[in-house]
Each structure stands twice: as structure tokens, then as C-alpha cells.
Amino acid sequence: MILNFAFNFLSKNIRRSLLSVFLIVVSTLVIMLSVILSENRDEVYETIDTHLVCGVERTAKLDIRYDDVEPEKSKELYFNMKNFLDDISDEPEINSIGSYHTFGCVPIPELYEIQKKGNATSGEYMKVTDIYKHAANMFNLKLTSGVYPSELDFESDIGYLYLGSGFEGFIEPGEIYEIKSHKYEVAGILDESQIFLDDNFTSEISATSYSATHDMKYGILCFGDNIPSSGFWLGANKGYNINQAIEKLYSVAEKYDMEDYILYTTLNDKYEMANQEWLFIKNILYKLITIVCISCILMLICTHILDLLSQMRNYGIMYANGFSISDICKIITIKNIAVSVFAFLISIIICLLAVNLVFKGSEDMSDVFNRIIVHIAIPLSLSVIGLIIL
């Protein structure tokens, strides 16, 4: 009987109930999404650190200043680049040096058709991530078949392809393709869990970075001899720190009169700079969160007071008809719980979609959901709803 009265009140005051739902959804979403944004800062760092063999601590971003020199010197720098990279890669301090970038290339028909069916490319070009040969040891790759980049012979003029798991069953390792005087060999098939770093994240970790990776199911990696045009990365070997590797880099660069044209920034420095930027944004964000949450809670309290005042006559009639004060309080509480639970479920659904979108490149989504949704966002949101119900 009490339940019937509670839901009758709810249906008769649907507009006020919807306003309460809206206010609760806004306050809980603000809390949850702020937690997601905060947690994502560490997630980006951890993802990059996991996928680079040398990690963030032992990797640096390098840039060659071709634009700041005379055309003749610029040509000289470019022509010396191959010998410079070959020399530096042989040094014991250096684990890897090179770059990668994703672009559209002339398609290999068999691979292009599979990639197109997987919606991994559009138009008439095949999407490929090109990686310089001396950067072969830079990434942690997982294969289901084939050989790892460290086992390849890069002395030949052949490009080695690593295909995503979507190619498995259609293409086998060892298959060779020739197109426009270029020869390519399929060196391996990537594991279905393999993801890869986005082009921009290892060169730019910013306060607004959301995801550091993309899916590789229909991706293609090509290891070859294409010299980096201007920017590349340096990874320090185990037992050496990145400063020792950079010092060695400049000593080798002196042989080619290149030391004045190389700029560097360690990924760890980039992350620290992003953190400083994030602290500024975080302070503003938390003030806005506080204002929004307090405003929502005050509006909810006002809504409940107005609801109580408008229903005083009905409650008086109920009391006159034999309902006790505790029964009336139960009806009000049940109504508030129904509104709050409905609003909370909507908030959780929206938040789950947001987490999935932001962390779609994470290897272990269950860990992300548990850490962010279960352990942080839900308890905070339930505390707000508890205050509202009480």
C-alpha cells in the first residue's frame, strides 16, 4: 500500500521528478567524468611506458632543424642522415633510433581488400605505419606467427610487413609482394590483443591527451629503410640512462657536423610539462565541479522542499485517514529512492560509454573499469545520492 502511494505521487508529479533526475544525473556525471579525466593522465603515461621497450624514462624525441639552415646545408644534413643513424645505432648506449608515421600508400591488392573490409582504410590508398629499421627494437610487439623485428635482415632492400590479427587465415608469413619496384615480405601476424601508439602521443603528451593507442586488428606495420625526414626518437639501452644516450648521440653527430642542428626533449620531460599544464586545468576543473555539485544539491533540496509544501494538503488527508507520520516518511523516502536509482543508472550507463570511448586502447579494460568506476566514481556518486535521499 505504501509503495502504491509512493509511485502514485511519483506519476502525478512527473515534471518535478524529471527535474530531480536531471539534477542527480548532472551531479553524478560531473563527479564521474572528472575522475575519468584525472585518472586518464596516468593511463596515457602507463600505456606509452608499456609499449615502448625503453619506457618513458629512457626515450627522447629528437628534431633536426632543416628549416633553420641554408638549402645546401639542409641537403648535406639529409644525405648524411643515413650514415649518422647507422653509426649511432651501433653504439652500446643506444637501444633504438628512428621514427614511425602512418600514411596512405599505393595498395597491395590482397592486403588492401582485407583492410578495406575491416573499415581500417578508405579511398584508394592502403593505410600503413612505416617504421625505420633502427627503431625495430623500440616497440613491444606480440605475434601469433612469424619472426620478431630483431631477427630480420635489414641489409636487403626489402620491406618487412607485420599484419594485424584480421589478416590471419588469409595471409601467411613469408608471402612476398612486389609493387612499383618495391619488394615486401610478410614477417609476422600480430596478436589480436596488439595495439599501437598513435603517431602524435610519443611526440606530444599534453594535458588534454585522452588515448595513446589505436586498434591494430587490420593495421599494417612496415619496417624498412626510409630515412626519417626531420623527427625521430632515441631509446637508451638497459644499464644506461637517456642522458648518457643523448651525450653519445651528440658525440657521433660531431663527426657529421650535425650537433648544432639536433634538438631533443625526453618523453619524461614532456610528461612533466604536461603535468604542470594539467595542474592549472585541474584547479579550475575542481572549482567548477564544486560549484556545479553544490548548485545541483541546493536545487534538489529546494525541489524537495517545494514538493513537500505542495503536497502538505495530501499528506494531511493521508494522516487524517489513518496513515502514521512514519508511513508518510516512508512514502517520501521510497519516492526519492526511486528517482535517485533511476538517475544513477542513467549516469552509470553514460559514464561506462565515456570510459569505453576514452580508454578504448587500453589492454585491460576490466582493470580500468574496476579502478575508475567501481572503486572511485560509484562510491562518490552514491554519497551524493545518499545526502539527497536523507
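Trainee: How should I be thinking about a nonpolar patch on the surface in this particular structure?
Mentor: A cluster of nonpolar side chains, Ile294, Leu298, Ile301, Ile305, Leu306, Leu309 and Met312, forms an exposed patch at the surface whose accessible area comes to about 690 Å². Element by element, the count of residues in the nonpolar patch is highest for helix H6 (residues 267-310), at 6 residues. Examined against the element boundaries, Ile294 turns out to sit in helix H6.

Trainee: Would you take a moment to explain the nonpolar core for this structure?
Mentor: Inside soluble globular proteins, nonpolar side chains tend to come together where they are buried. Counting 28 residues, the largest nonpolar core has Ile131, Phe139, Tyr162, Phe196, Leu221 and Phe223 as the members making the most contacts within it. Elements represented by at least two residues in this core include exactly helix H2 (14-51), strand S6 (158-163), strand S8 (182-190), strand S9 (195-197), strand S11 (220-224) and H6. Membership of the second largest hydrophobic core comes to 25 residues, among which are Ala60, Ala245, Leu249 and Tyr256.

Trainee: Please clarify how the confidence of the model for the protein chain should be interpreted in this entry.
Mentor: Should pLDDT be low for a region, the predicted coordinates there are not to be read in detail. Mean pLDDT over the protein chain stands at 75; residues scoring 70 or higher make up 68%. Confidence, read as mean pLDDT per element, is least for helix H1 (residues 2-12) in the protein chain (52) and greatest for strand S5 (residues 143-146) (92).

Trainee: Sorry if this is basic, but what is going on with unusual backbone geometry here?
Mentor: As a rule of thumb, non-glycine residues mostly have phi less than zero, and peptide bonds are mostly trans rather than cis. Located in the positive-phi region is Asp257, a residue other than glycine, with phi close to 55 degrees. Secondary-structure assignment places Asp257 in the loop between helix H5 (242-253) and strand S13 (262-266).

Trainee: For this particular structure, what's the right way to read the pairing of S6?
Mentor: Within a regular beta strand, the side chains point alternately toward one face of the sheet and then the other, so they alternate between its two faces. In terms of burial, S6 is largely enclosed, as 6 of its 6 residues are buried. Side chains of S6 alternate between two faces, with Ile158, Tyr160 and Tyr162 and Gly159, Leu161 and Leu163 buried alike. When S6 meets S8, the two strands line up parallel, connected through 6 bridges. Of the residues in S8, the one forming a bridge with Ile158 is Lys183.

Trainee: Would you mind going over the packing of aromatic side chains with me for this structure?
Mentor: Pairs of aromatic rings are described using the distance from one ring centre to the other and the angle between the two planes. Counting across every chain of the model gives 6 aromatic pairs. Taking 5.4 Å as the distance between ring centres and 80 degrees as the angle between the ring planes, the aromatic pair formed by Tyr162 and Phe223 counts as edge-to-face. On the criterion of sequence distance, the pair formed by Tyr162 in strand S6 and Phe223 in strand S11 is long-range, its members being 61 residues apart. The same class applies to Tyr162 and to Phe223, which are both buried. Ring pairs connect the aromatic residues Phe139, Phe196 and Trp233, which therefore count as one cluster.

Definitions and cut-offs
- Residues numbered from 1 in each chain as written.
- Predicted model: local features only at pLDDT ≥ 70, side-chain atom pairs only at ≥ 80, totals over all residues.
- Heavy atoms only, no water.
- Patch = residues over 30% accessible without salt bridge, like charges linked within 9 Å, V, L, I, M, F, W, Y side chains within 5 Å.
- Areas by Shrake-Rupley, 256 points an atom, 1.4 Å probe, with all protein chains shown as cover.
- Salt bridge = Lys/Arg side-chain N within 4 Å of Asp/Glu carboxyl O.
- Helix = DSSP H or I, 4+ residues; strand = E, 2+ residues; numbered from the N terminus.
- Core = buried A, V, L, I, M, F, W, Y, C linked by side-chain atoms within 4.5 Å.
- Buried < 20%, exposed > 50% of the residue type's maximum accessible area, 1.4 Å probe, protein only.
- pLDDT = per-residue confidence, 0-100.
- Pairing = 2+ DSSP bridges.
- Phe/Tyr/Trp six-rings, centres within 6.5 Å; stacked < 30°, edge-to-face > 60°.

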